[in-house]
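# Coordinates in review
Each chain, letter by letter, is given below.
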Amino acid sequence: MTPVAYYLALSAVLFVLGILGVLLRRNALVIFMSLELMFNASNLAFVTFARMFGGVTGQIIVFFVMTVAAAEVAIGLALMVVIFRQRHSIDMDELNSMKG
Amino acid sequence: MPGLPVVFFIMAAVAIGTAVGMLVSRNTIYSALFLVLNFATIAVLYLILGAPFIALTQITVYAGSIMVLFLFVIMLLGVERLPHSRSLPWQPIVAVPLVVILVAVLSVNFFGRAGALDNIAEVTPAFGTPALIGETLFSQYILPFETTALILLVAVIGSILLAKSEKPSPGQAVRRLNASVPSVAGAVSSSSKEVPAAEQEKAVGK
């Protein structure tokens, strides 16, 4: 295995751990953090490929992913504060008021 | 040749360990702190991969502002004091096979194509510096860059609109100020009646 493969393997492991967090945990904040972990895993793959091909475009994409993630976190945490204010819980299983 | 193997393996072990710690930790604050450590180790890997600008952006934006926002919200909501909910028995039964499928697909792709990863480009020391990133960002990617500015503006306006509780008229604002003296968030309206009039006067004076 080449060094690039090590980095990609680490990225894949972190991504799978993030998926596990989204699927297994029900605390909305932990689910959100798992999403951030998955963003990071994909960013690591982008930077690895940027280094492998010697181009800077991969790093530019990581920059954009980071800014969009920041916007997403701001909106998501605001939503979470509103939900918590109304229901006093951020357990995903209890947010079922649209269930038919 | 990207990376000293020893540093890489230490950082990879720490990154995986902190990710697992974030997942299994029952205290949300510990989860957030584990994630901060994870982001820091990934930033070291970015440095090894010749991306100093991205590494420092990772530290300041992710570990700095995003995780601080998380910690603020965790402490604001007092999540760690909530009772733990009962677990859903079918949740792991559904989740684990899905993850196994994902791991299988990833491994097939990874080991099937690992031979294509041998060609690593030679780069100059200027690779990934802020000057080069900035030049590319402001010439080739100027339109996405401006779009990002718009996205951030929408996010700021949206989060302010969402998190704003209600439209307080000036009189209401003063009453809310009075009522928050007992500082029990849930019992604001009911407890304000129980505060004696003299104490309310004092609160207004302050």
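I will try to describe carefully the structure that is included in this document. (Residues numbered from 1 in each chain as written. Chains lettered and ligands numbered in written order. Predicted model: local features only at pLDDT ≥ 70, side-chain atom pairs only at ≥ 80, totals over all residues. Heavy atoms only, no water.)

## Overview of the overall build of chain B
The following threshold applies: Elements are defined by DSSP. Helices are runs of H or I of four residues or more, strands are runs of E of two residues or more, and each kind is numbered from the N terminus. Note on contacts: a residue pair is in contact if any heavy atoms of the two residues lie within 4.5 Å.
If you tally the helices and strands in chain B, you get nine helices and zero strands. Element order for chain B, N to C, with α for helix and β for strand: α-α-α-α-α-α-α-α-α. The contacts of chain B with a sequence gap of at least 6 include a subset with a gap of at least 24, amounting to 54%.

## Remarks on helix 3 (residues 52-77) of chain B
Residues and elements named next belong to chain B. The criterion, for reference: Here the expected span of a helix is defined as 1.5 Å times the quantity of residues minus one. What the bend at a residue measures is the angle between two axes, fitted to the seven residues ending there and to the seven starting there.
Compared with an ideal rise of 1.5 Å per residue, which puts 26 residues at 38 Å, helix 3 spans 36 Å between its outermost C-alpha atoms and is within 8% of the ideal. The largest bend in helix 3 amounts to roughly 30° and is located at Met67. Phi for Gly78, located one or two positions after helix 3, is positive at around 65°.

## Notes on the pattern of salt bridges
All names here are of chain A. The condition that has to hold: Salt bridge, as used here: a side-chain nitrogen of Lys or Arg that lies within 4 Å of a carboxyl oxygen of Asp or Glu. Here the term buried applies to any residue with accessible area under 20% of the maximum for its type, exposed to any over 50%, and partly exposed to those in between, with areas from a 1.4 Å probe on protein chains only.
Summed over all chains, the structure comprises one salt bridge over all chains. Between Arg26 and Asp91 there is a salt bridge, and its shortest N-O distance comes to 3.7 Å. With Arg26 in the loop between helix 1 (3-24) and helix 2 (28-53) and Asp91 in the segment after helix 3 (57-87), the pair connects residues that are 65 residues apart, well separated along the chain. Residue class for Arg26 comes out buried when judged on its relative accessible area of 13%. You can call Asp91 buried: its relative accessible area is 9%.

## Structural notes on a nonpolar patch on the surface
Rules: Within the patch definition used here, like charges are joined within 9 Å and nonpolar side chains (Val, Leu, Ile, Met, Phe, Trp, Tyr) within 5 Å, considering only residues with over 30% relative accessible area and no salt bridge. The accessible surface values rely on the Shrake-Rupley method and a 1.4 Å probe; as for residues, cover is taken only from the protein chains in view.
Nonpolar side chains collect at one region of the surface, where Trp90, Ile93, Val94, Leu98, Ile101 and Val105 of chain B lie side by side and expose about 610 Å² of accessible area between them. Turning to its location among the elements, Trp90 of chain B is positioned in helix 4 (residues 90-112).

## As for the interface of chain B and chain A
Interface extent is often summarised as the accessible area lost during association of the parts. To be explicit about the condition: Buried area: the accessible area, evaluated with a 1.4 Å probe, that two parts lose upon being put together, summed over both parts. Pairs of N or O atoms within 3.5 Å make up the polar contacts considered here, provided that, within protein, one atom can donate a hydrogen while the other can accept it, and that residues adjacent in sequence are counted only when both atoms are side-chain atoms. Side-chain classes are defined by residue name, with Ala, Val, Leu, Ile, Met, Phe, Trp, Tyr, Cys and Pro counting as nonpolar, Asp, Glu, Lys and Arg as charged, and the others, Gly among them, as polar.
If you look at the interface, chain B gives 83 residues, while chain A gives 71 residues. Note on chain B versus chain A: buried area summed over both sides is about 6900 Å², and carbon and sulfur give 79% of it. The largest contributions to the chain B side of the interface with chain A come from Leu23, Leu49 and Phe70 of chain B, which together make up 9% of the buried area. Our enumeration of links across chain B and chain A arrives at zero salt bridges. There are 11 residue pairs in polar contact (both at pLDDT 80 or more) connecting chain B and chain A. It is helix 3 of chain B that provides the largest number of residues to the side of chain B that touches chain A, a total of 12 residues. Taken together, the residues of the side of chain B that touches chain A sort by class into 61 nonpolar, 18 polar and four charged.

## Quick word on the nonpolar core
Counted only if it meets this: Working definition of a nonpolar core: buried Ala, Val, Leu, Ile, Met, Phe, Trp, Tyr and Cys residues. They are joined through side-chain atoms within 4.5 Å.
Grouped together as the largest cluster of nonpolar side chains are 56 residues, with contacts concentrated most on Leu14, Leu29, Leu77 and Ile90 of chain A together with Tyr46, Ile54 and Phe70 of chain B. Those elements that provide at least two residues to this core are helix 1, helix 2 and helix 3 of chain A together with helix 1 (5-24), helix 2 (28-48), helix 3 and helix 5 (130-139) of chain B. If we skip the residues at most four places from it in the chain, Phe70 of chain B touches Leu29, Phe32, Met33, Glu36, Val73 and Leu77 of chain A. Ranked by size, the runner-up nonpolar core spans seven residues in total, among them Ala5 and Leu8 of chain A together with Phe110 and Leu117 of chain B.

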